[in-house]
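Per-entry structural report
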Protein chains: 2
Amino acid sequence: MVTKQFTSVWTREPRSPRSSPGLSREQIVHAALELLDSEGTEGLSMRKLGAKLDAGATSIYWYVANKDELMELAYDEIWADMEVADPDQISWRYSAATFGKGMRQAILRHPWAARLIGRLPAIGPNALHATDLLRKAFTQAGFRGLEIDYAASTLTAYVFGMTIPEAVWNEYINERQPDMDGMRQAVVAAVAGYPEMQARVEEMHAHDPQEIRAMSFDFGLYTVLDGLEARLVT
Amino acid sequence: MVTKQFTSVWTREPRSPRSSPGLSREQIVHAALELLDSEGTEGLSMRKLGAKLDAGATSIYWYVANKDELMELAYDEIWADMEVADPDQISWRYSAATFGKGMRQAILRHPWAARLIGRLPAIGPNALHATDLLRKAFTQAGFRGLEIDYAASTLTAYVFGMTIPEAVWNEYINERQPDMDGMRQAVVAAVAGYPEMQARVEEMHAHDPQEIRAMSFDFGLYTVLDGLEARLVT
DNA sequence: ACCTGAACACCGTTCAAGT
DNA sequence: ACCTGAACACCGTTCAAGT
């Protein structure tokens, strides 16, 4: 049973405050984000990133221990790109709702991030700042102690679970441009044994998929908020 | 704009009903599952799978178009490994709760599956059978039309969002055996700027992590169910 | 019809060597 | 202190060739 010394990008000091020459961590992360946003998960490799920076692929390893660390750094940036409402100004319900919607939009804007959600604790500075606000909202609502965490987990779990598939789906559509009619037919065919489901699938195909997803998200969001409210009165 | 013919493992006929010689799809999927369960996501490569089957790595491509398809087949098996309660016998609330807990356990039993959740529509036979039962429960509850889907999505999104990180975490612990104390210290240090959070993290470290997660899951599960119930009366 | 091995075009990462 | 290219140990997949 070999236990390995645990290290994290967030605990180790980055490589000197930058004097002048060559690369920097920010520069690298920034370039990585551009590749990810424009070309998706598969668009980022150490070699491509090196090329984009006019540097050898292995130069990056001076600033970052490995690709996973680089991804952690990139991932945290997502949460800087999320509008949050200060719970001091407004009702906890409104600020929690804004939080959920903002989280969804941030993920949809950076679909590659969907594949990273759920790895090691999201303890980057931007992620911490965001979750701190959510916790404030639930404290204001009346939750205490560990229930603050439970409530926050419930909301974020819902948003993640709802948005991850949506983001992955969008990325798939963009990358592969699949034949949509064929896909719909495939789904209808697969569901053939379940007439109830088949009717529902056809009903969904009659609407704009974007709209359906937005409605579905809001339905669940208010469901979760109602449920949380119920926990408060008892 | 090149739209590619869409195909899926589930729509294409598998390679003949098997006469006698060599490999078969079931055999391959079964071996893949064994590798995944015992060695995790990284334990499965086409070469390793070939070796396990005493065959060339590329023989597999006769039965399956590519690795993604193989993963889809393996992934669907997860939902065969999930206890479901027939909603005809019991209250919708109880059967939905059992469904959620069963889903969580199935994922925790096969943590590698966590990384596959949210890809192309889960339209494998086992997944369909399970979701059909959930839809029955919500129909019995009184939901109608698209709201049946919304309700089902809300519950499954919550379970996925809560369980994916838990499963990935478990896999990480098992594979890398990290130094737990060091990790805790790292988290406490990262959270230094947020005294409220720091207090909560320490409170969590004082309990059994498994227990905390189970309690957290149940809290959210009943929250979602309460929320759904609220949607019914209005 | 089924299986094979060689080959292709990639990966992430290590490391000795350079400035 | 920073950067490099060569090299290692892997990938998934294609394909002409075998039986």
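Provided above is the structure to which this section pertains.
The following refers to the structure shown. (Residues numbered from 1 in each chain as written. Chains lettered and ligands numbered in written order. Predicted model: local features only at pLDDT ≥ 70, side-chain atom pairs only at ≥ 80, totals over all residues. Heavy atoms only, no water.)

**Topic: the nonpolar core**
- Within the largest apolar cluster, 126 residues are counted, with the highest numbers of intra-cluster contacts made by Leu49, Trp79 and Phe138 of chain A together with Leu49, Trp79 and Phe138 of chain B.
- Other than its neighbours up to four places away in sequence, Leu49 of chain B contacts Ile28, Ala31, Ala32, Leu35, Leu44, Ile60 and Leu70 of chain B. (Core = buried A, V, L, I, M, F, W, Y, C linked by side-chain atoms within 4.5 Å. Buried < 20%, exposed > 50% of the residue type's maximum accessible area, 1.4 Å probe, protein only. Contact = heavy atoms within 4.5 Å.)

**What about the protein's contact with DNA strand D?**
- Lining the immediate environment of DNA strand D, one finds 18 residues, of which Gly56, Ser59 and Tyr63 of chain A together with Arg47 and Lys67 of chain B sit closest.
- At 2.3 Å from a phosphate oxygen of DNA strand D is found a side-chain nitrogen or oxygen belonging to Ser59 of chain A.
- Between a phosphate oxygen of DNA strand D and a side-chain N or O atom of Tyr61 of chain B, the distance comes to 2.8 Å.
- It is helix α2 (residues 46–52) of chain B that provides the largest number of residues to the surface near DNA strand D, a total of three residues.
- Among the residues forming the surface near DNA strand D, the class breakdown is seven nonpolar, seven polar and four charged. (Near = heavy atom within 4 Å. Polar contact = N/O pair within 3.5 Å; in protein donor to acceptor, adjacent residues only side chain to side chain. Helix = DSSP H or I, 4+ residues; strand = E, 2+ residues; numbered from the N terminus. Nonpolar A, V, L, I, M, F, W, Y, C, P; charged D, E, K, R; others polar.)

**A word on the protein's contact with DNA strand C**
- In the region of DNA strand C, 18 residues are neighbours, and Arg47 and Lys67 of chain A together with Gly56, Ser59 and Tyr63 of chain B sit closest.
- At a separation of 3.0 Å, a phosphate oxygen of DNA strand C approaches a polar backbone atom of Met46 of chain A.
- One of the side-chain nitrogen or oxygen atoms of Lys67 of chain A is found 2.7 Å away from a phosphate oxygen of DNA strand C.
- Per-element tally for the surface near DNA strand C: the top contributor is helix α2 (residues 46–52) of chain A, with three residues.
- In the surface near DNA strand C, the residues fall into seven nonpolar, seven polar and four charged.

**A closer look at helix α4 (residues 92–109) of chain A**
Residues and elements named next belong to chain A.
- When the terminal C-alpha atoms of α4 are compared, their 25 Å separation across 18 residues agrees well with the 26 Å that a helix rising 1.5 Å per residue should span.
- Taken as a whole, α4 has its buried residues at Trp92, Ser95, Ala96, Ala97, Phe99, Gly100, Gly102, Met103, Arg104, Ala106 and Ile107.
- Buried residues belonging to α4 abut α3 (67–78), α5 (125–141), α6 (146–176) and α9 (209–233). (Expected span 1.5 Å × (residues − 1).)

**Some details on the packing of α4 of chain A against α9 of chain A**
Residue and element names in this part refer to chain A.
- Interhelical geometry of α4 versus α9 gives an angle of 145° and a closest axis separation of 11 Å. Relative to α9, α4 is oriented so that their crossing is right-handed. Between α4 and α9, the contacting residues are Trp92, Arg93, Ala96, Ala97, Gly100, Lys101 and Arg104 on the first element and Arg213, Ala214, Phe217, Asp218, Leu221, Tyr222, Leu225, Asp226, Leu228, Glu229 and Leu232 on the second. (Axes fitted to C-alpha atoms, helices over the stretch in contact; angles between N-to-C directions. Left-handed = near helix turned anticlockwise from the far one by under 90°.)

**A word on the relation of the copies chain B and chain A**
- The transformation that overlays chain B on chain A combines an axial shift of 0.0 Å with a rotation of 180°, and the residual RMSD is 0.0 Å. Between the two chains, the operation in question is that of a two-fold axis.
- A shared binding surface is used by both copies, with 100% of the interface residues of chain B retained as interface residues in chain A. (Least-squares fit on C-alpha atoms with pLDDT ≥ 70 in both.)

**What to know about the pattern of salt bridges**
- This model, assessed by the stated rule, comprises 30 salt bridges over all chains.
- Across the salt bridge formed by Glu171 of chain A and Arg115 of chain A, the nearest N and O atoms sit 3.1 Å from each other. Of this pair, Glu171 of chain A sits in helix α6 while Arg115 of chain A sits in the loop between α4 and α5, and the two are 56 residues apart along the sequence.
- On the basis of relative accessible area, Glu171 of chain A is assigned to the buried category, the value being 6%.
- On the basis of relative accessibility, which here comes to 31%, the residue Arg115 of chain A falls in the partly exposed class.
- Residues Asp226 of chain B and Arg231 of chain A are paired through a salt bridge, measuring 3.7 Å at the closest nitrogen-oxygen approach. You can see Asp226 of chain B sitting in helix α9 (residues 209–233) and its partner Arg231 of chain A sitting in helix α9, one on each of two chains.
- When salt bridges that share partners are traced, they join Arg135 and Asp149 of chain A together with Glu196, Arg200 and Glu203 of chain B into one network. (Salt bridge = Lys/Arg side-chain N within 4 Å of Asp/Glu carboxyl O.)

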